[in-house]
Amino acid sequence: MKYDQSRMPLIEAMEAHLGKDPISFHVPGHKNGLLMNAGDKQSFYQRDLTELSGLDDLHDPHEAISEAEMLLSDLYGSRKSFLLVNGSTVGNIASILATCSPGDTVLVQRNCHKSVLNGIRLARAVPVLVETDWDEEGKMPVGVSLTSLKATLKAFPDAKACVLTYPTYYGMTYDVEALIAELHQHGVVSIIDEAHGPHFQLGRPFPDSALKSGGDIVIHSAHKMLPAMTMGSYLHIGTDRVNEGKVREYLSILQSSSPSYPIMASLDYARSYLGRMTQSDLKRNLEEIDGFVQAIQDMKNGLGVRRTPDPLKLLFYFDGKSGYELQQLLEAQGVFCELADPFYVLLILPLVKGDRLFPYKEAVDRIRTALKEEEASVADGAAVTIERNKQQHYTTLAISLDEMDAKEVEWVSLSQAEGEISARMIIPYPPGIPLLIPGERISGDTLVRLRQYVKNKASIQGEHRLEEGYICVFR
């Protein structure tokens, strides 16, 4: 069957409904926007609908939503695809619950999103953290090596599933196809958190997609890289190693019983937008990015640019300043980047198509203004080089979930925390990658990194008293 990616069946159904000039005696309470300001009513609230005749039901789709999911599956070449209205978080958790039972061993890439660890905890499974390769020059984790994965599989031959993060938040990639093939040889289900790679479906010059590489379940944050609303994501089943019924069941349990129609409509649009991307669109988009990078480099004011395997991810750095300081300078001129860390600010660039324009030239002017009085200098020590144990392929939790549930906790000073067992998840956000998880033994390296985040006043999620110099551990 030939699918027309220009179709947006859910949006079409919503517009047909609004064309009836409907009177609302149903939820939501704004009554088709009647209770909102006039401008807001027309632009947004009228399309905040519910499961009315003709508008289908996310939890039992047979009409427009079903067609939208078929078009999505066609575009990505999956066996089955689902719309997600609770973000990739719900996709990660549902995938883990659908593939793991209590006590099962789950291999997890160490720099995973917090939702992966939360999913494992809900499943009462046992995580084994697979260490990542480290880019010494770039001062960032890259991904799991085949050597580390093989060593971990040898040590844990009964592993049930493996969750990989590909690409990383920073756009770094690795040979995910080789890792998936190795997992399949051992009968291990591969769950790929490809939140930042929904556009990889376009092919070169973007990295290979995890679905193309044989991933069993692949989760995409459409809202991160495509024109979808926040919380809009996709889940794809790529192979018959996955029980589709279980995935559907857990999505129905975990997703809102009142799913957002604006979010679902934006997912319908984002899929069509990507499906209609031409080589001409892509060529123009990449040329504009190259021009932007060249304009930054031509400033010669100390601002450095690091490109990543994903052309839509750029890293800025400025000698002598932390990423947090650089972020403050840029934001003072209205340039807001995705995140800052001790070394970089991360920019996520748009996937522009057609005759749309992105204000790259204005951005260059603002960046020049932001840094016109700044001078690069030798780093003052704010950015500390962290030594990594290259011989360590994996780590395990020091105590089990059952033991954690039975233990008391206490607060200890950071100076006394090395060797203790963390009782809380400590998460610099963004990117939402836990620095510590409950049950993990606290290392000296981790404390060095933790002090960096505290010194730079990074936003850290989780129950903590880090500003006071204390951390929660199991007694």
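As a starting point, this report considers the structure included with it. Note that the structure is predicted; figures quoted are calculated from it, not measured.

**A look at the packing of aromatic side chains**
Here is step 1 of the chain: Using the criterion set out here, one finds 10 aromatic pairs in the structure.
Here is step 2 of the chain: A ring pair is formed by Y166 and F200, whose centres lie 6.2 Å apart and whose planes are at 80°; its orientation type is edge-to-face. Highlighted residues: Y166 in the loop between β6 (161-165) and α7 (176-185) and F200 in the loop between β7 (189-193) and β8 (217-220), separated in sequence by 34 residues. The two residues Y166 and F200 agree in class, both being buried.
Here is step 3 of the chain: When the centroid spacing of 6.5 Å and the interplanar angle of 55° are considered together, the rings of F343 and Y344 count as tilted. Considered together, F343 and Y344 belong to a single accessibility category, that of buried residues.
Here is step 4 of the chain: Directly above the aromatic system of Y429 lies the positively charged group of K114, at a separation of 5.3 Å from the ring centroid.
Here is step 5 of the chain: Note that R465 overlies the ring of W411, its terminal NZ or CZ placed 5.2 Å from the centroid.

**Focus: the pattern of salt bridges**
Here is step 1 of the chain: Applying the stated rule across the entire model yields 21 salt bridges.
Here is step 2 of the chain: Linking R124 and D405 is a salt bridge whose minimum nitrogen-to-oxygen distance equals 3.0 Å. Of this pair, R124 sits in the loop between α5 (114-123) and β3 (126-130) while D405 sits in helix α14 (residues 401-406), and the two are 281 residues apart along the sequence.
Here is step 3 of the chain: The partner of R271 in a salt bridge is D268, and the shortest N-O contact between them spans 2.8 Å. One end of the pair, R271, and the other, D268, are both in helix α10 (residues 261-275), three residues apart, so they sit about a helical turn from each other.
Here is step 4 of the chain: Residue R271 is classed as buried on the basis of its relative accessible area, which comes to 1%.
Here is step 5 of the chain: Several salt bridges converge on common partners, so that one network encompasses R7, E12 and E67.

**So, the sheet that holds β8**
Here is step 1 of the chain: Taking strand neighbours across the sheet as the criterion, the eight strands line up as β1-β9-β8-β7-β6-β2-β3-β14 in an open arrangement whose pairing is mixed. Edge strands, defined here as strands with exactly one partner in the open sheet, are β1 (80-84) and β14 (394-396). On average, adjacent strands in this sheet sit at an angle of 20° to one another, irrespective of strand direction.
Here is step 2 of the chain: As defined by bridge partners, strand β2 (residues 105-109) adjoins β3 across five bridges and the pair is classed as parallel.

**Some details on the packing of helix α11 (residues 279-299) against helix α13 (residues 360-370)**
Here is step 1 of the chain: Viewed as axis vectors pointing N to C, α11 and α13 meet at an angle of 20°, and their least axial separation amounts to 10 Å. With respect to their mutual orientation, α11 and α13 come out roughly parallel. α13 is crossed by α11, and the crossing has right-handed handedness. Residues E288, I289, F292, A295, I296 and M299 of α11 lie in contact with α13, whose contacting residues are Y360, A363, V364, I367 and R368.
Here is step 2 of the chain: Across the contact of α11 with α13, the residue classes break down as nine nonpolar, no polar and two charged.

**Things to note about α7**
Here is step 1 of the chain: For α7, the full list of buried residues reads V176, L179, I180, E182, L183 and H184.
Here is step 2 of the chain: Buried residues along α7 sit against α6 (146-155), β6 and β7.
Here is step 3 of the chain: Looking at the residues trailing α7, positive phi occurs at G187, about 70°.

**Re the environment of Q5**
Here is step 1 of the chain: Following the sequence through the fold, Q5 ends up in the segment before α1 (9-18).
Here is step 2 of the chain: A relative accessible area of 9% places Q5 in the buried class.
Here is step 3 of the chain: Once residues lying within four places of it in the same chain are set aside, the contact partners of Q5 are L71, D74, L75, R271, S272, G275 and R276.
Here is step 4 of the chain: One polar contact links the side chain of Q5 to the main-chain carbonyl oxygen of L71, over a distance of 3.1 Å.

**Focus: the sheet that holds strand β13 (residues 345-348)**
Here is step 1 of the chain: Ordered by their spatial adjacency, four strands build an open sheet running β10-β11-β13-β12, and the pairing between neighbours is antiparallel. Looking at the sheet topology across the chains shown, the edges are occupied by β10 (303-307) and β12 (339-340).
Here is step 2 of the chain: When β10 meets strand β11 (residues 313-318), the two strands line up antiparallel, connected through five bridges. Bridge pairing in β11 places R306 opposite L315.
Here is step 3 of the chain: Running over the sheet, α11 touches β10, β11 and β13 and is turned about 150° from β10.

**Looking at the side chain of T395**
Here is step 1 of the chain: As for its position among the elements, T395 is in strand β14.
Here is step 2 of the chain: The buried category is assigned to T395, whose relative accessible area is 18%.
Here is step 3 of the chain: A polar side-chain atom of T395 sits 3.5 Å from a polar atom in the side chain of E131.
Here is step 4 of the chain: The residues contacting T395, other than those within four sequence positions of it, are V128, L129 and E131.

**Details of the state of the cysteines**
Here is step 1 of the chain: Going through the model one piece at a time under the given rule, you end up with zero disulfides.
Here is step 2 of the chain: As a non-bridged cysteine, C162 has C100 as the owner of its nearest cysteine sulfur, 10 Å distant.

**Overview of helix α4 (residues 87-99)**
Here is step 1 of the chain: For α4, built from 13 residues, the straight-helix expectation of 18 Å at 1.5 Å per residue is met to within 8% by its first-to-last C-alpha distance of 19 Å.
Here is step 2 of the chain: Taken across its 13 residues, α4 has 12 buried, putting it largely inside the fold.
Here is step 3 of the chain: Within α4 the residues assigned to the buried category are G87, S88, V90, G91, N92, I93, A94, S95, I96, L97, A98 and T99.

**Topic: the pairing of β6**
Here is step 1 of the chain: For β6, the buried fraction is high: five of the five residues fall into the buried class.
Here is step 2 of the chain: Burial along β6 is two-sided: the residues A161, V163 and T165 and C162 and L164 are all buried.
Here is step 3 of the chain: In the sheet, β2 pairs with β6 via three bridges, with the strands oriented parallel. Bridging from a neighbouring strand, V108 pairs with V163 of β6.
Here is step 4 of the chain: Pairing geometry for β6 and β7, over five bridges, is parallel. For A161, the partnering residue across the bridge sits in β7 and is V189.

What counts, and where the lines are drawn
Residue positions are given per chain, counted from 1 along the sequence in the order it is written. Since the coordinates come from a predicted model, pLDDT governs what is reported: local features require at least 70, and pairs of side-chain atoms require 80 or more to be given and counted, while whole-chain, interface and lining totals use all residues. Water and hydrogen atoms play no part in the side-chain values, which are based on all heavy atoms of the structure. Any pair of Phe, Tyr and Trp rings, taking the six-membered ring for Trp, is counted once the centres come within 6.5 Å. Such a pair is stacked with planes under 30 degrees apart, edge-to-face with planes over 60 apart, and tilted for the rest. Counting from the N terminus, the helices are DSSP H or I runs at least four residues long and the strands are E runs at least two residues long. To sort residues, take the accessible area from a 1.4 Å probe on protein chains only and compare it with the maximum for the residue type: under 20% means buried, over 50% means exposed, and anything in between is partly exposed. Geometrically, a charge over a ring is one whose NZ (Lys) or CZ (Arg) sits within 6 Å of the ring centre while staying within 35 degrees of the ring normal. The rule for a salt bridge is simple: a side-chain nitrogen of Lys or Arg has to be within 4 Å of a carboxyl oxygen of Asp or Glu. For two strands to be treated as a pair, DSSP must find no fewer than two bridges joining them. Working convention: axes come from line fits to C-alpha atoms, limited for helices to the stretch in contact. Angles between N-to-C directions cover 0 to 180 degrees. Roughly parallel here means an angle under 35 degrees, roughly antiparallel means over 145, roughly perpendicular means 65 to 115, and every remaining angle is called oblique. In this scheme, a crossing is called left-handed if the near helix is turned counterclockwise away from the far one by less than a right angle; it is called right-handed if the turn is clockwise. We call two residues contacting when some pair of their heavy atoms lies within 4.5 Å. Classes in brief: Ala, Val, Leu, Ile, Met, Phe, Trp, Tyr, Cys and Pro nonpolar; Asp, Glu, Lys and Arg charged; the others, Gly included, polar. The term polar contact refers here to a pair of N or O atoms within 3.5 Å; inside protein, the definition further demands a hydrogen-donor-capable atom paired with an acceptor-capable atom, and it admits residues adjacent in sequence only when both atoms are side-chain atoms. The criterion for a disulfide is a pair of cysteine sulfur atoms lying within 2.5 Å. What a helix is expected to span follows from its residue count: subtract one and scale by 1.5 Å.

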